[in-house]
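Architecture at a glance
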Amino acid sequence: MHMSTSLTWPDLPAAQQPPWPDANELDAAVGELRRLPPLVFAGECDQLTARLAQAARGEAFVLTGGDCAETFAANTADSIRARLQTVLQMSVILTYAASLPVVKMGRLAGQYFKPRSKTIETRDGVELTSYLGDAVNALSFDPESRRPDAQRLLRAYHASGSALNLVRAFTQGGYADLRQVHAWNQDFVRDSFAGQRYEQLAGEIDRALKFMHACGTNPVEFERVEFYAAHEALSMDYERALTRIDSRTGNPYDVSGHFLWIGERTRQLDGAHMQFASTIHNPVGVKVGPTAAPEDVAEVVARLNPNRIPGRLSLITRMGAGQVRDVLPGIVAKVESTGIPVVWVCDPMHGNTRESSNGYKTRLLDDVIEEVSGYFEVHRQMGTIPGGIHIELTGDDVTECLGGTGGVEEHNLHERYETACDPRLNREQSLELAFLVADMLIKR
Ligand code: PEP
Ligand code: CO
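A brief report on the enclosed structure follows.

Here's the deal with the pattern of salt bridges
Per the stated rule, a full pass over the model turns up 25 salt bridges. Among the salt bridges present, the one from Arg123 reaches Glu121, with a minimum N-O distance of 2.8 Å. Judged by relative accessible area, Arg123 falls into the partly exposed class, the value being 40%. Relative accessible area serves as the criterion here: at 23%, Glu121 is assigned to the partly exposed category. A salt bridge links Arg363 to Asp422, with the shortest nitrogen-to-oxygen separation between them at 3.2 Å. In this pair, Arg363 sits in the loop between β14 (361–362) and α12 (365–382) while Asp422 sits in the loop between β15 (386–392) and α13 (427–443), placing the two residues 59 residues apart along the sequence. When sorted by exposure, Arg363 lands in the same class as Asp422, which is buried.

Set out below in structure tokens:
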């Protein structure tokens, strides 16, 4: 596939852009990015749009999971495999319970940029640029680490390429074969309550597969899974440099990932991010928080999906457990009145962040469950389709979110609090959530 890079962009205000200290360094990095090969292909993006269209119609369910902020340090085989396993396990739970295909996406291979409420972080009277993601600066609190360094854009590209390569090998090379359903249930999680419940389900799948085999059928569909890379399109320098014209169709695609979303802080109607998302032909998402005006969301939908393509646009609502039932109906009603198809996805993480009494940024699994449950209820009442969930999770045994049968309590938070940004569900909490969502999905 040949892809050219000749695109020009209007000069619009772009929120949340890093304060790059050296324009020449930035130009050099962007110039190099423009010459590097695509990480994903246009045809794969179109395939994902078609899958998401199924979700919009209620014939599939979307599961997006991964880090709040990926780090170069965690770009290892073990860490990537553990995250992939978690999503695969959750997906099996959902598929088996609801007899629905699951569209699997990772916040992975590109989730290296973070928007921040405060551009400056102050500790003990020292002021430094906030951590803006590994593609921009480093987490540790010293002037050298926090200086935005444009070379990091290139590191982010290469890290994404190697992560995606591993994901492709795992998902196409036999590791994600449904006959491996037990093997994904590794180590600590196998002994947990949710892990045991999963083990039982895996046993049932095994028996079904053996039965089919004995009957003389062994479908190749079980050998491979489709897995798509998603991240927030935040840095306009990075995403524009990786946007190419697909010679097959003449359409521009952002080849840094299959699915790109616009965050709650950058969805200004007259801003650069909206214009960018309206230009690319990838499937896109927009986060929608509790303060969004229904008219504005309807305008977003009209701008991003004027051709009314099913699967093109996901609205990822993140209202908070306490507000979802009050706020979501107005938005759903207004958007539905446009007649433009969207995939309604629930992010039950970002409206439910709080500080623990011992000073950690955390989330309660109960709030996460409560928001998903409110989301299903609202869509049932409105006659619309709850199309998927978007979760911050990790494959490891971290202690960042509170609750679950594993019983992470405030006094445990310090044990394995490893996130570079927001608190993630650990493997066990993720499986537990999947079992509960599976029940809601059956009844939707
Ligand atoms: C995120 O997804 O990590 C994020 C920052 O979300 P939001 O834009 O919804 O706040
Ligand atoms: Co986050």
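A closer look at the sheet that holds strand β12 (residues 343–346)
Strand order around the closed barrel formed by eight strands is β2-β3-β6-β9-β10-β11-β12-β15, with parallel pairing between neighbours. Averaged over all adjacent pairs, the angle separating strand axes in this sheet is 25 degrees, with direction ignored. Bridge analysis of strand β2 (residues 61–66) against β15 gives five bridges, and the strand direction is parallel. Residue pairing for β15: Thr64 is matched across the bridge by His390. Running at roughly 125 degrees to strand β3 (residues 102–107), helix α2 (residues 42–56) makes contact with β2, β3, β6 (227–232), β9 (259–262), β12 and β15 of the sheet.

Some words on the coordination of the cobalt ion (ligand 2)
Looking at the cobalt ion (ligand 2), the protein donor atoms are Cys68 (SG), His350 (NE2), Glu392 (OE) and Asp422 (OD), and they sit 2.1 to 2.4 Å from it. Look at where the donors of the cobalt ion (ligand 2) fall in the sequence and you get C-x281-H-x41-E-x29-D. With Cys68 in the loop between β2 and α3 (77–98) and Glu392 in strand β15, the pair connects residues that are 324 residues apart, well separated along the chain.

Things to note about the site of ligand 1
Around ligand 1 sit Cys68, Arg107, Lys114, Pro115, Trp261, Gly263, Glu264, Arg265, Lys287, Arg318, His350 and Glu392, and that is every residue in its neighbourhood. Taking Glu264, its main chain carries an N or O atom lying 2.9 Å from an oxygen atom of ligand 1. Glu392 is positioned with one of its side-chain polar atoms (N or O) 3.1 Å from an oxygen atom of ligand 1. Bound to the protein, ligand 1 loses 97% of the 300 Å² it would expose on its own. Considered class by class, the residues forming the shell around ligand 1 number three nonpolar, two polar and seven charged.

Some words on the packing of helix α11 (residues 324–338) against α12
Look at α11 against α12: their axes get within 9 Å of each other, and the N-to-C directions meet at 40 degrees. As far as their axial angle goes, α12 and α11 are oblique. Seen along the crossing, α11 lies across α12 with a hand that is right-handed. Across from Val324, Arg325, Leu328, Pro329, Val332 and Ala333 in α11, the residues of α12 making contact are Glu370, Glu371, Ser373, Gly374, Tyr375, Glu377, Val378, His379 and Met382.

Cut-offs applied
Residues numbered from 1 in each chain as written. Chains lettered and ligands numbered in written order. Predicted model: local features only at pLDDT ≥ 70, side-chain atom pairs only at ≥ 80, totals over all residues. Heavy atoms only, no water. Salt bridge = Lys/Arg side-chain N within 4 Å of Asp/Glu carboxyl O. Buried < 20%, exposed > 50% of the residue type's maximum accessible area, 1.4 Å probe, protein only. Helix = DSSP H or I, 4+ residues; strand = E, 2+ residues; numbered from the N terminus. Pairing = 2+ DSSP bridges. Axes fitted to C-alpha atoms, helices over the stretch in contact; angles between N-to-C directions. Contact = heavy atoms within 4.5 Å. Donors = N, O, S within 2.8 Å, 3.2 Å for Na, K, Ca; no water. Near = heavy atom within 4 Å. Polar contact = N/O pair within 3.5 Å; in protein donor to acceptor, adjacent residues only side chain to side chain. Areas by Shrake-Rupley, 256 points an atom, 1.4 Å probe, with all protein chains shown as cover. Nonpolar A, V, L, I, M, F, W, Y, C, P; charged D, E, K, R; others polar. Parallel < 35°, antiparallel > 145°, perpendicular 65-115°, else oblique. Left-handed = near helix turned anticlockwise from the far one by under 90°.

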